[in-house]
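Chain residues, written in single-letter form:
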Amino acid sequence: MTAYNWYPGHMAKAKRAMVEDIKLIDVIVELVDARAPLSTRNPDIENLGQGKGRVIVLNKADLAEDALTKEWIRHFEEDGLLAISLNSKDKQGFQAVRKVIDEAAAKKRERDLKRGIKNRPVRLLVAGIPNVGKSTFINSLCKRNIAKTGNKPGVTKGKQWISLGKGIDLMDTPGILWPRIEDSDSQIRLALIGSMNDEVINRDELLSELIKLLKERAGGLMTERFGIVSGDDEAGVLNKIAARQSMIRSGGENDTERAAGYLFTSYRSGALGRITLEEP
Ligand SMILES: Nc1nc2c(ncn2[C@@H]2O[C@H](COP(=O)(O)OP(=O)(O)OP(=O)(O)O)[C@@H](O)[C@H]2O)c(=O)[nH]1
Ligand SMILES: [Mg+2]
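Computed from a predicted structure; not experimentally measured.

**Quick word on the overall build of the protein chain**
Counting its secondary structure elements, the protein chain contains 10 helices and seven strands. When its C-alpha atoms are laid out on the principal axes, the protein chain stretches across 75 × 40 × 30 Å. Sequence separation of 24 or more characterises 67% of the internal contacts of the protein chain that already satisfy a separation of 6 or more. Total accessible area on the protein chain stands at roughly 13800 Å², and carbon and sulfur atoms take up 48% of it. The distance from the centre of the 45 positive side-chain charges to the centre of the 39 negative ones in the protein chain is 10 Å.

Structure, rendered in structure tokens:
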């Protein structure tokens, strides 16, 4: 898992790179994490994407609650965006993704035609905050069509394009966007799903949030797996998990520190079930 510390230097650098990349682009495919589709959006994307075709991919949908993912798609569509849910690790969803991309490209071509521009390939960029699955998505999308079209004359040097066929070219590197770091609720959610280094926020606070969330949203599973009941406080929860997982210190007492780490890892991997952190 990659985690970033976002401080102004990093953000300024990402921003400069994005502004340059976006100049060459017709359609932005914005990846968000389906567990937190709001917090994993970039705060400036509306500005950056002005005048571009837009597709939102709610990635890691296999880790999120289906009903809420559907609600989010509806929400984005109401905002006039094309939106689709996906598990990038599963190749099967890509046919539908391709259809949405074609749709966005067709809109762009229509606009071009009105301005008298013909036969220009539609240029696509995959963008998103760290760890949302950009590289996985690009690899799966290009699987059968990995022909690099090389540097295009007339565009910034050094950019490589991958032909997706049907007159669509993909920039071969993803655009890194910066996350919402200004509000603490978003920071907590970003840390819980692994898109932000959890060292930047107070670990005790993060742990409290996670336990609260799991009791609310996955109470049944917590009872079934660890014998946790709603009345258990944090120490009680961690002790029960440590005992069930045989996490015992050499002195014989429960290793609650290890239990906490286990809880974070299990949530992030989906081992505690599909839990969405945000509702539209
Ligand atoms: N469960 C699940 N995991 C995914 C999915 N897509 C990507 N991942 C996993 O998420 C992690 C991050 O994926 P990457 O493709 O490296 O993400 P990225 O956006 O390129 O990350 P950076 O390059 O660090 O910004 C990896 O462990 C992937 O295997 C998905 O749809 N579902
Ligand atoms: Mg990557």
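**Examining the confidence of the model for the protein chain**
On average, the protein chain scores 88 in pLDDT, and the residues at 70 or more come to 91%. The least confident element of the protein chain, judged by mean pLDDT, is helix 1 (residues 8-23) at 86; the most confident is strand 3 (residues 82-85) at 98. For the stretch residues 150-156, pLDDT sits under 50, and the model shows 14 contacts to residues farther than four places along the chain or on other chains.

**With respect to unusual backbone geometry**
In most cases, non-glycine residues show a negative phi, while peptide bonds are predominantly trans. One non-glycine residue, Lys166, adopts positive backbone phi at about 50°. Position of Lys166 relative to the elements: it lies in the loop between strand 5 (161-165) and strand 6 (168-171). The class for Lys166 is exposed, based on a relative accessible area of 64%.

**Things to note about the domain arrangement of the protein chain**
Each assigned domain of the protein chain is listed here: domain 1 (8-176) and domain 2 (202-269). Computed from C-alpha coordinates alone, the two centres of domain 1 and domain 2 are separated by 37 Å. On the side of domain 2, four residues touch domain 1, which itself brings four residues to the contact. Of all residues in domain 1, the largest losses of buried area upon contact with domain 2 belong to Arg35, Leu63 and Glu65, amounting jointly to 89% of the total for that side.

**Quick word on the side chain of Asp232**
Tracing the backbone shows Asp232 in the loop between helix 8 (219-226) and helix 9 (234-244). Take Asp232: its relative accessible area is 14%, and that puts it in the buried class.

**Here's the deal with the site of ligand 1**
Around ligand 1 sit 17 residues in total, of which Asp62, Ser88, Lys134, Ser135 and Thr136 are the nearest. Between ligand 1 and the protein, one listed contact pairs a nitrogen atom with a side-chain N or O atom of Asp62 at 2.7 Å. Between ligand 1 and Asn131, the relevant distance is 3.2 Å, taken from an oxygen atom to a main-chain nitrogen or oxygen of the residue. Here ligand 1, which alone exposes 650 Å², has 78% of that area covered by the protein. No other element matches the three residues that helix 5 (residues 134-142) contributes to the shell around ligand 1. Of the residues contributing to the shell around ligand 1, the split by class is five nonpolar, eight polar and four charged.

**Structural notes on the pattern of salt bridges**
Applying the stated rule across the entire model yields 20 salt bridges. Residue Glu209 pairs with Lys212 through a salt bridge whose shortest N-O separation is 3.9 Å. Of the two residues, Glu209 and Lys212 both sit in helix 7 (residues 203-217), three residues apart, roughly one turn of that helix. Through salt bridges with shared partners, a single ionic network connects Asp26, Lys108, Asp112 and Arg120.

**Some words on the packing of aromatic side chains**
Under the definition given, this model contains three aromatic pairs. When the ring of Phe226 is compared with that of Tyr262, the centres are 6.3 Å apart and the planes differ by 90°; the resulting orientation is edge-to-face. In this pair, Phe226 sits in helix 8 while Tyr262 sits in helix 10 (residues 256-269), placing the two residues 36 residues apart along the sequence. You can call Phe226 buried: its relative accessible area is 2%. For Arg123, the ring lying beneath its charged end belongs to Trp161, and the centroid distance is 5.3 Å.

The rules behind these values
- Residues numbered from 1 in each chain as written.
- Chains lettered and ligands numbered in written order.
- Predicted model: local features only at pLDDT ≥ 70, side-chain atom pairs only at ≥ 80, totals over all residues.
- Heavy atoms only, no water.
- Helix = DSSP H or I, 4+ residues; strand = E, 2+ residues; numbered from the N terminus.
- Contact = heavy atoms within 4.5 Å.
- Areas by Shrake-Rupley, 256 points an atom, 1.4 Å probe, with all protein chains shown as cover.
- Lys, Arg positive; Asp, Glu negative; His and termini not counted.
- Charge placed at Lys NZ, Arg CZ, Asp CG, Glu CD.
- pLDDT = per-residue confidence, 0-100.
- Buried < 20%, exposed > 50% of the residue type's maximum accessible area, 1.4 Å probe, protein only.
- Domains from an automatic or database assignment.
- Buried area = accessible area lost by both parts, 1.4 Å probe.
- Near = heavy atom within 4 Å.
- Polar contact = N/O pair within 3.5 Å; in protein donor to acceptor, adjacent residues only side chain to side chain.
- Nonpolar A, V, L, I, M, F, W, Y, C, P; charged D, E, K, R; others polar.
- Salt bridge = Lys/Arg side-chain N within 4 Å of Asp/Glu carboxyl O.
- Phe/Tyr/Trp six-rings, centres within 6.5 Å; stacked < 30°, edge-to-face > 60°.
- Lys NZ or Arg CZ within 6 Å of the ring centre and 35° of its normal.

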